[in-house]
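Take a look at the letters that make up each chain.
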Amino acid sequence: MRFSTKAIHVGQEADPATGATIVPIYQTSTYTQEAVGKHKGYDYSRTVNPTRVALEKQLAALENGAYASAFGSGMAATSAVMNALSAGDHVIVSDDVYGGTYRLFSRVLERYGLTFSYVDASSTDAVAHALRPNTRLVWIETPTNPLLKLVDIRAIAEVASAKQLVVAVDNTFATPYFQQPLALGASVVVHSTTKYIGGHSDVVGGVAITNDKALHDTIKFHQNSVGGIPGPLDAYLVMRGAKTLALRMREHERNALAVAQFLESHPKVERVNYPGLTSHPHHELAKRQMSGFGGMLSFTLRVSEERAMAFAGTLRYFSLAESLGGVESLICHPARMTHGSIPKEERDRRGVTDGLLRLSVGVEDRDDLLEDLETALAAL
Ligand SMILES: *Cc1c(COP(=O)(O)O)cnc(C)c1O
């Protein structure tokens, strides 16, 4: 079965009780047992819920994984994966990581005795040099947020497999439609399903997918023990969104490439970061590792930071908002918005400067988006 067919059919069998073609929203916390301990495999909805199970089967299939655990947010999924570690363990993290991930690692998990080294993971050597005897996990994002740098998943997995490290890939930006980290050697894939997988900016969710039974058992154990599950309605919304992931991603990419090329040719634009541009320093790796370049890009304008920030509020179709991956276009100012929890010196060191703007290019008509940008740039 191929990608689009899986998205629509895996886990989506007609409801055994009624024949309902669409998986129902099983809005129940508990299940009536026939006799003590005699039930249909469902006892309590933190542990197991049929709507969530359907979502987990569907998303596992999209990543070509055997097992998935769905969560109430991307951060809950990240946290569950990190629960596999113990005090004293060391983690290597790609430095251009999602701001909330950095906050979880630096302000929560460090207090629990984990240590983190942030490295430019687009250099596999930098990852190899950061290895310590107690390193247990490598956490990478690719393409990275907001600079759209690429990390060579296969190369990192090779470095890690020699030491039997867990390689976790946050695949939120690329989506399984354009990138399949498990096939490249990653141990576990994490998504904020809030973004492209849900796709309509109407639900917050997360998922962790793996082929490793032992790792899955640990994640599942924490899903139930810590309890960061999605409710049945949220599981349903993510599942419905995921059915059209392929269609949406093709259009996101077409629009993003057009926007990236337009911006790159504009005299008021200093620099555009989009892996689909031949000018992108990791374009060759992107072509090798991904089957498409996605819908995210960032750029800097040849104007002051204040005017760049003001520009972000003048667009008609790009709403000024955090988040990404919905059908509607968004613009954000990472330094003040998504990455505001990272100290300024650290942001500057990573290249997340105050003049950087990030676009999540939606699936509106391409010409409307280009005209919108053209008008706003002309007014600068
Ligand atoms: C949004 C996001 C997260 C966090 O997900 P939530 O659903 O907001 O908890 C993690 N990683 C990336 C790359 C994201 O964009």
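Predicted, not measured: the structure shown is a model, and the values here were computed from it.

J.: Talk me through the overall build of the protein; I want residue IDs and the actual numbers.
T.: A count of helical and extended segments in the protein gives 14 helices and 12 strands. Judged by the C-alpha coordinates and their principal axes, the protein covers about 75 × 50 × 35 Å. Expressed as a percentage of the 380 residues in the protein, the buried residues total 56%. Total accessible area on the protein is roughly 15900 Å²; 52% of this is exposed by carbon and sulfur atoms.

J.: Tell me what's going on with the layout of surface pockets, and back it up with residues and numbers.
T.: Empty space among the atoms becomes visible once a probe the size of a water molecule is rolled across them. Reported here for the largest pocket is a volume of approximately 480 Å³. Of the residues that constitute the lining of the largest pocket, the class distribution is 11 nonpolar, four polar and six charged. Estimates place the volume of the second largest pocket at around 320 Å³. The wall of the second largest pocket is formed by 22 residues, among which Gly-74, Met-75, Tyr-98, Ser-192 and Lys-195 lie closest to the centre. Within the residue set of the lining of the second largest pocket, elements represented by two or more residues are α3 (74–82) and β6 (188–192). Classifying every residue of the lining of the second largest pocket gives six nonpolar, 11 polar and five charged. Shared between two domains, the lining of the second largest pocket holds at least three residues of each, these being domain 1 (3–242) and domain 2 (245–378).

J.: Explain the sheet that holds strand β7 (residues 206–210) to me, using residue names and the numbers behind them.
T.: The strands that make up a sheet are held in pairs by hydrogen bonds between backbone atoms, and each pair lies either parallel or antiparallel. An order of β1-β7-β6-β5-β4-β2-β3 is seen for the seven strands of this open sheet, with the pairing classed as mixed. Each edge of the open sheet carries a strand with a single partner, namely β1 (67–71) and β3 (115–119). When strand polarity is set aside, the average angle formed by the axes of neighbouring strands in this sheet is 20°. When strand β2 (residues 90–94) meets strand β4 (residues 135–141), the two strands line up parallel, connected through four bridges. Residue pairing across strands places Ile-92 opposite Val-138, the latter belonging to β4. Packed on one face of the sheet, helix α2 (residues 50–62) meets β1 and β7 and runs near 125° to β1. Contacting β1, β2, β3, β4, β5 (166–170), β6 and β7, α3 runs over the sheet at an angle of about 155° to β6.

J.: Any details on helix α9 (residues 232–242)? Residues and values, ideally.
T.: Where burial is concerned, most of α9 is hidden: eight out of the 11 residues are buried. Looking at α9, one finds that the buried residues are Pro-232, Ala-235, Tyr-236, Leu-237, Val-238, Met-239, Gly-241 and Ala-242.

J.: Describe unusual backbone geometry, and please don't skip the residues or the numbers.
T.: With an omega of -5°, the peptide bond running from Thr-142 to Pro-143 counts as cis. Residue placement: Pro-143 occurs in the loop between β4 and α6 (153–162). With omega at 5°, the peptide bond leading from Asn-145 into Pro-146 counts as cis. You can see Pro-146 is positioned in the loop between β4 and α6. Look at Ser-323: it is not a glycine, yet its phi comes out positive at around 80°.

J.: Which residues make up the site of the ligand, and what are the values?
T.: Taken together, 13 residues surround the ligand, and among them Gly-74, Asp-170, Ser-192, Thr-194 and Lys-195 come closest. Asp-170 places a polar side-chain atom, nitrogen or oxygen, 2.6 Å from a nitrogen atom of the ligand. Across the complex, the protein chains shield 92% of the 380 Å² of accessible surface that the ligand would expose by itself. More than half of the atoms belonging to the ligand lie within 2 Å of the grid points that define the second largest pocket. Taken together, the residues of the shell around the ligand break down into four nonpolar, six polar and three charged.

J.: Provide a residue-level description of the packing of aromatic side chains, including the pertinent values.
T.: As enumerated under the stated definition, the model contains eight aromatic pairs in all. Ring geometry for Phe-3 versus Tyr-177: centroids 5.2 Å apart, planes at 65°, classification edge-to-face. Residue Phe-3 is located in helix α1 (residues 3–9), and its partner Tyr-177 is located in helix α7 (residues 175–178); the two are separated by 174 residues in the primary sequence. Looking at Phe-3, the relative accessible area reads 16%, which means it is buried. Joined through ring pairs, the aromatic side chains of Phe-3, Tyr-177 and Phe-178 make up one cluster.

J.: Let's hear about the pairing of β7: which residues, and what values?
T.: By the criterion of burial, β7 is predominantly enclosed, with five of the five residues buried. Residues Gly-206, Ala-208 and Thr-210 point to one face of β7 and Val-207 and Ile-209 to the other, with burial holding for every one of them. Relative to β7, β1 runs antiparallel, the two sharing five bridges. Note on β7: the bridge partner recorded for Ser-69 is Ala-208. Where β6 and β7 come together, five bridges link them in antiparallel fashion. Along β7, the bridge assignment pairs Val-190 with Ala-208.

J.: Pulling in residues and values, what's your account of the confidence of the model for the protein?
T.: Residues at a pLDDT of 70 or more form 100% of the protein, whose mean pLDDT is 96. Within the protein, no element has a lower average pLDDT than helix α13 (residues 344–350), which sits at 84, and none a higher one than β7, at 99.

Calculation criteria
- Residues numbered from 1 in each chain as written.
- Predicted model: local features only at pLDDT ≥ 70, side-chain atom pairs only at ≥ 80, totals over all residues.
- Heavy atoms only, no water.
- Helix = DSSP H or I, 4+ residues; strand = E, 2+ residues; numbered from the N terminus.
- Buried < 20%, exposed > 50% of the residue type's maximum accessible area, 1.4 Å probe, protein only.
- Areas by Shrake-Rupley, 256 points an atom, 1.4 Å probe, with all protein chains shown as cover.
- 1 Å grid on protein atoms, 1.4 Å probe; cavity = no way out; pocket = protein on both sides within 12 Å on 5 of 7 lines; lining within 4 Å.
- Points joined across faces, edges and corners; volume = space filled by probe spheres on them.
- Nonpolar A, V, L, I, M, F, W, Y, C, P; charged D, E, K, R; others polar.
- Domains from an automatic or database assignment.
- Pairing = 2+ DSSP bridges.
- Axes fitted to C-alpha atoms, helices over the stretch in contact; angles between N-to-C directions.
- Contact = heavy atoms within 4.5 Å.
- Near = heavy atom within 4 Å.
- Polar contact = N/O pair within 3.5 Å; in protein donor to acceptor, adjacent residues only side chain to side chain.
- Sits in = over half its atoms within 2 Å of the grid points.
- Phe/Tyr/Trp six-rings, centres within 6.5 Å; stacked < 30°, edge-to-face > 60°.
- pLDDT = per-residue confidence, 0-100.

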